[in-house]
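Now for the letters of each chain:
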Amino acid sequence: MSNHWDVIIIGSGAGGGTLAWALAQTAKRILVIERGDYVKREPQNWSTKAAVLEGRYNNADPWLDGKGNEFQAGTHYFVGGNTKFYGAALLRMREADFGEVRHAGGVSPAWPIAYEAMEPFYTAAERLYQVHGTRGEDPTEPWASAPYAHPAVSHEPRIQQLHDGLTSLGHRPFHVPIAVMLNEQQPRQSACIRCATCDGHPCLVNAKADAQVCCIDPAIATGHVELYTNTLVERLITSASGREVTGVQVVKDGERRTLSADIVVSSCGAINSAALLLRSANDAHPNGLANGSGQLGRNYMCHLNSVMLAVSLCPNPTVFQKTFALNDFYWGDGEWRYPMGHISFVGKTDEYVLAAGAPKFVPGWTLDQMARHSLDFWLTSEDLPSADNRVTVMRDGRTQLSYTANNEEGHRRLQAKLQSILGRIPCPEHGENCIQGVSRLNAYIGKRIPLAGVAHQNGTARFGTDPRTSVLDTNCRAHEVDNLYVVDGSFFASSSAVNPALTIMANALRVAEHLKMRLGVAEAVAGVVR
């Protein structure tokens, strides 16, 4: 079999997996290269002790922080990438997020494309990943050309009580859009069983709508897509002019080989894509492949994220907790004119999750008691692009991630807002004294190092119209290398304050339409998702 393909895609997650699915319809010869293997289906998939406390699935290579200290990143090398472990909340960026936004800590720059250009692909991605939701509940949501194809996932009683309490105070909580294969109307036919171990775990029954289940496996089934697993891409090789990638150097089964394709796409994630291009420096690209602007690896963003535990006198027996969200403070409020961010839930905590980093802030309560009474909130605020927040590669080839948080005042205020409104929710049994305490959970996928929380990584090869200030053009093609594309979170010009996964998926579908035209098959394959 020839070592040449029409398209090689490096990575099988939200970007690469979605792109492979879209291009599989072209009947072109496509290769997906994945550094890891399929997640083993085993009882530990549903064990928080194994997945969170013991880090059973943390298989990434060690990275270095800005001071040279080694740490284990919370990223995963498996077919489906990090989507195998994501919480499956898939939200659109707000329409105004595509423009310039002023924050207390600086300016979030405008994107080179408007929301209108992404909207049809948001709709297509929501259908591809079977997102459940209800339009019109979220006061900040952008306009959409179609309703969700699946109804919102219902709240369990304790979460409905929270929802109703906040509504009584004038707030507008909503059902978080979530990608699970759940059929509440016909439970016997439902793949999803509403388990407690969706967020941060692989799904044992393949009922989470991840990139492997929704994209990679169906793409392979077409017969047009091949998948290489356990294959490490070491570097990209270019022609002498540097204008095209002529080889993809890999190590597979202990053997170093060089593969080639007409089009090469890096979808390794924002950190590893930047590192791969930096490792691919040559005479034509001495500072890293496609790095004439000097921006490659810079402007790394990951959001300001925190988990806040609210322990109440009322128990929280909820199993599938991640159904609730609140965006009332996304753009600020009457007391603060700058954006604060997004509030939602993580998966339900238990004693093993709490053992990974919870403060014992309620005297006399055990971790198990706290878990049975806790409401487990996830707060996200926007961090801003900074040239000093960057990915670099050491002389020995190791990846270094340097990051200093910025724009933090908005996040502090968001935390304070959550504490304030929780203390005012009326409880029919305990009045306003139901919430006994709110504190931050210092756990990042089994680790206590905030830098290791890279699930929302983006921004290291931003796109734009000016090659002097951006790495990619608006089609996510490298300005300086004609057949090289980067399709993951790297292209983000700013991070907004919602999970980047849906935007990465939608953008992959958008870039796929461009690549179909380049491959000469656009007319043969009409549309994206039906």
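Residues numbered from 1 in each chain as written. Predicted model: local features only at pLDDT ≥ 70, side-chain atom pairs only at ≥ 80, totals over all residues. Heavy atoms only, no water.

Glancing now at the overall build of the protein. A count of helical and extended segments in the protein gives ten helices and 21 strands. Counting only C-alpha atoms and orienting by the principal axes, one finds that the protein spans roughly 75 × 50 × 45 Å. For the protein, the proportion of its 530 residues judged to be buried stands at 61%. Within the protein, contacts between residues at least 6 apart in sequence are counted, and of these 74% link residues at least 24 apart. Element-wise, carbon and sulfur atoms account for 49% of the exposed surface of the protein, whose accessible area totals about 19,700 Å². Here the protein holds 48 positive side-chain charges and 52 negative ones, and the gap between their average locations is 2 Å. (Helix = DSSP H or I, 4+ residues; strand = E, 2+ residues; numbered from the N terminus. Buried < 20%, exposed > 50% of the residue type's maximum accessible area, 1.4 Å probe, protein only. Contact = heavy atoms within 4.5 Å. Areas by Shrake-Rupley, 256 points an atom, 1.4 Å probe, with all protein chains shown as cover. Lys, Arg positive; Asp, Glu negative; His and termini not counted. Charge placed at Lys NZ, Arg CZ, Asp CG, Glu CD.)

Time to look at the pattern of salt bridges. One pass over the structure, following the stated rule, counts 26 salt bridges. Measuring nitrogen to oxygen at the nearest pair gives 3.8 Å for the salt bridge that ties Glu100 to Arg102. Taken individually, Glu100 and Arg102 each receive the classification exposed, so the pair is uniform in this respect. Between Lys322 and Asp199 there is a salt bridge, with the nearest N and O atoms lying 3.2 Å from each other. Of this pair, Lys322 sits in the loop between β14 (304-312) and β15 (324-326) while Asp199 sits in the loop between β9 (178-179) and α5 (211-221), and the two are 123 residues apart along the sequence. A relative accessible area of 13% means that Lys322 is categorised as buried. Since its relative accessible area comes to 24%, Asp199 is described here as partly exposed. Connected via shared salt-bridge partners are Arg92, Glu119, Glu126 and Arg135. (Salt bridge = Lys/Arg side-chain N within 4 Å of Asp/Glu carboxyl O.)

What follows covers the packing of helix α1 (residues 16-24) against α5. The interhelical angle for the contact between α1 and α5, taken along N-to-C directions, is 40°, at an axis separation of 8 Å. Considering their axes alone, α1 and α5 lie oblique with respect to each other. Here α1 and α5 pass one another in a crossing that is left-handed. Judged by residue contacts, Gly17, Thr18, Ala20, Trp21 and Ala24 of α1 engage Cys214, Cys215, Ile216, Pro218 and Ala219 from α5. Per-class residue counts for the contact of α1 with α5 are eight nonpolar, two polar and no charged. (Axes fitted to C-alpha atoms, helices over the stretch in contact; angles between N-to-C directions. Parallel < 35°, antiparallel > 145°, perpendicular 65-115°, else oblique. Left-handed = near helix turned anticlockwise from the far one by under 90°. Nonpolar A, V, L, I, M, F, W, Y, C, P; charged D, E, K, R; others polar.)

So, about the sheet that holds strand β18 (residues 390-393). Strand order in the open sheet formed by four strands is β4-β3-β19-β18, and the pairing between neighbours is mixed. Bordering the open sheet on either side are β4 (70-71) and β18, each of which pairs with just one other strand. Bridging between β18 and strand β19 (residues 399-402) involves four bridges; their strand directions are antiparallel. Bridge pairing in β19 links Thr392 to Gln400. Each of β3 (63-65), β18 and β19 is contacted by helix α6 (residues 270-279), which is oriented at about 40° to β18, the strand it contacts most. (Pairing = 2+ DSSP bridges.)

Most often, soluble globular proteins keep nonpolar side chains buried together rather than apart. Of all hydrophobic cores here, the largest spans 120 residues; its most connected members are Trp111, Tyr129 and Leu236. It is helix α10 (residues 501-518) that provides the largest number of residues to this core, a total of ten residues. In this structure, Leu236 is in contact with Ile10, Val245, Gly247, Val248, Val264, Leu276, Leu277, Ser280, Leu289 and Leu484, ignoring residues within four places of it in sequence. (Core = buried A, V, L, I, M, F, W, Y, C linked by side-chain atoms within 4.5 Å.)

What follows concerns the pairing of strand β13 (residues 255-266). Here strand β1 (residues 4-10) pairs with β13 via six bridges, running parallel. The residue bridging Val7 from the neighbouring strand is Ile263, located in β13. Bridge count for strand β12 (residues 245-252) against β13 is five bridges, and the pairing is antiparallel. Within the sheet, the bridge partner assigned to Lys252 lies in β13 and is Glu255. Note: β13 against strand β21 (residues 484-486), three bridges, orientation parallel. Bridge pairing in β21 links Val265 to Tyr485.

The next point concerns the side chain of Thr349. With respect to the helices and strands, the residue Thr349 is situated in the loop between β16 (342-345) and α7 (351-355). There is a polar contact of 3.4 Å between the side chain of Thr349 and the side chain of Lys348. Discounting residues that sit within four places of it in the chain, Thr349 has contacts with Leu309, Leu354, Ala371, Ser374 and Asp376. (Polar contact = N/O pair within 3.5 Å; in protein donor to acceptor, adjacent residues only side chain to side chain.)

It is worth spelling out the confidence of the model for the protein at this point. For the protein, the mean per-residue pLDDT works out to 92, and 92% of the residues sit at or above 70. Note on residues 441-449: pLDDT is under 50 here. Beyond four places in sequence and across chains, it has 26 contacts. The model gives residues 524-530 a pLDDT under 50, and that stretch makes 15 contacts with residues more than four places away or in other chains. (pLDDT = per-residue confidence, 0-100.)

So, about the packing of aromatic side chains. Overall, the coordinates contain 20 aromatic pairs when judged by the stated rule. Aromatic pair Phe345 and Phe377: ring centres 4.6 Å apart, planes at 25°, arrangement stacked. A residue pair is termed long-range when its members are at least 10 positions apart, and Phe345 in strand β16 and Phe377 in strand β17 (residues 374-381) qualify at 32 residues. In this structure, Phe345 and Phe377 share a single accessibility class: buried. Feature note: the residues Phe98, Trp111, Tyr115, Tyr122, Trp143, Phe463, Phe491 and Phe492 constitute an aromatic cluster, connected by ring pairs. Its end group placed over the ring of Tyr330, Arg94 keeps NZ or CZ at 5.9 Å from the ring centre. (Phe/Tyr/Trp six-rings, centres within 6.5 Å; stacked < 30°, edge-to-face > 60°. Lys NZ or Arg CZ within 6 Å of the ring centre and 35° of its normal.)

Contact geometry of helix α3 (residues 115-128) with α10 gives a least axis separation of 8 Å together with a crossing angle of 110°. Here α10 runs roughly perpendicular to α3, going by the angle between their axes. For the pair α3 and α10, the crossing hand works out as right-handed. Contacts from Ala117, Met118, Phe121, Tyr122, Ala124, Ala125, Glu126 and Leu128 of α3 reach α10 at Leu502, Thr503, Met505, Ala506, Asn507, Leu509, Arg510 and Glu513. Class assignment for the residues of the contact of α3 with α10 results in eleven nonpolar, two polar and three charged.

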